[in-house]
Number of protein chains: 2
Amino acid sequence: MKARVHVMLKNGVLDPQGEAVRHALGQLGFDGVEGVRQGKVIELDLNETDAAKAEQTVTAMCEKLLANTVIESYSVEIA
Amino acid sequence: MKARVHVMLKNGVLDPQGEAVRHALGQLGFDGVEGVRQGKVIELDLNETDAAKAEQTVTAMCEKLLANTVIESYSVEIA
């Protein structure tokens, strides 16, 4: 079973990577970019066959390791 | 208009970040993780109101800046 986790900085937390991308896009001539946020995507390949259990496990992984919940939010998709 | 870009290392390209995550998950007691790949997600906030044009622009951004197409693949979602 495959799972995909998105980890993004929470709104209000300064995102220097995103700002750098926005600046670089402007310099390359891409106008009309109002904001850029950059985050991580983690694709997991799991043994688990039960979707509900897989989601529970992946949520625990996010809380313990994948996301810093003080400044980052995460979302889990099971496919 | 919002756009979301996923940039992942191509299959076959060594992913040390993903391997490190897999190892750390194992040490935390999460068994049954067969593979981990880590990539980037970039959320763009665009002035453009036409979805087709926005997709074209974002694809150009990927080719020029956001992805290293030698080793990375990307996908664009317009929302």
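Please read these numbers as outputs of a predicted model, since none were measured by experiment.

Enquirer: Would you mind going over the relation of the copies chain B and chain A with me for this structure?
Expert: In summary, the two copies of the chain are related to each other by a rotation about an axis coupled with a shift along it. Overlaying chain B with chain A gives an RMSD of 0.0 Å, the required rotation being 180° about an axis along which the chain moves by 0.0 Å. As the rotation angle and translation indicate, the two copies are arranged about a two-fold axis. If distances are taken from each C-alpha of chain B to the rotation axis, the shortest is found for Lys40 of chain B, at 2.3 Å.

Enquirer: Sorry, what's going on with the interface of chain B and chain A here?
Expert: Interface size is commonly expressed as the accessible surface area that is lost when the partners come together. Listed by partner, the interface residues are 30 residues for chain B and 30 residues for chain A. Surface buried jointly by chain B and chain A totals about 2,700 Å² across both partners, of which 64% is contributed by carbon and sulfur atoms. The largest share of the area that chain B buries against chain A comes from Phe30, Val41 and Leu65 of chain B, three residues that together contribute 18% of it. Linking chain B with chain A are zero salt bridges, by the criterion used here. There are eleven residue pairs in polar contact (both at pLDDT 80 or more) connecting chain B and chain A. Of all the elements in the fold, those that place two or more residues in the side of chain B that touches chain A are strand 1 (2-9), helix 1 (16-27), strand 2 (33-46) and helix 2 (51-66) of chain B. The class makeup of the residues in the side of chain B that touches chain A is 16 nonpolar, seven polar and seven charged. The sheet contact formed by strand 2 (residues 33-46) of chain A and strand 2 of chain B spans 13 bridges and is antiparallel. Note on strand 2 of chain B: the bridge partner recorded for Gln38 of chain A is Ile42 of chain B.

Enquirer: Sorry, what's going on with the pattern of salt bridges here?
Expert: A pair can form between side chains of opposite charge whenever their charged atoms are brought close. Residues and elements named next belong to chain A. Applying the stated criterion across every chain, the model contains six salt bridges over all chains. A salt bridge links Lys2 to Asp45; its shortest N-O distance comes to 3.9 Å. Here the residue Lys2 occupies a position in strand 1 (residues 2-9), and Asp45 occupies one in strand 2, the gap between them amounting to 43 residues.

Rules and cut-offs
Residues numbered from 1 in each chain as written. Chains lettered and ligands numbered in written order. Predicted model: local features only at pLDDT ≥ 70, side-chain atom pairs only at ≥ 80, totals over all residues. Heavy atoms only, no water. Least-squares fit on C-alpha atoms with pLDDT ≥ 70 in both. Contact = heavy atoms within 4.5 Å. Buried area = accessible area lost by both parts, 1.4 Å probe. Salt bridge = Lys/Arg side-chain N within 4 Å of Asp/Glu carboxyl O. Polar contact = N/O pair within 3.5 Å; in protein donor to acceptor, adjacent residues only side chain to side chain. Helix = DSSP H or I, 4+ residues; strand = E, 2+ residues; numbered from the N terminus. Nonpolar A, V, L, I, M, F, W, Y, C, P; charged D, E, K, R; others polar. Pairing = 2+ DSSP bridges.

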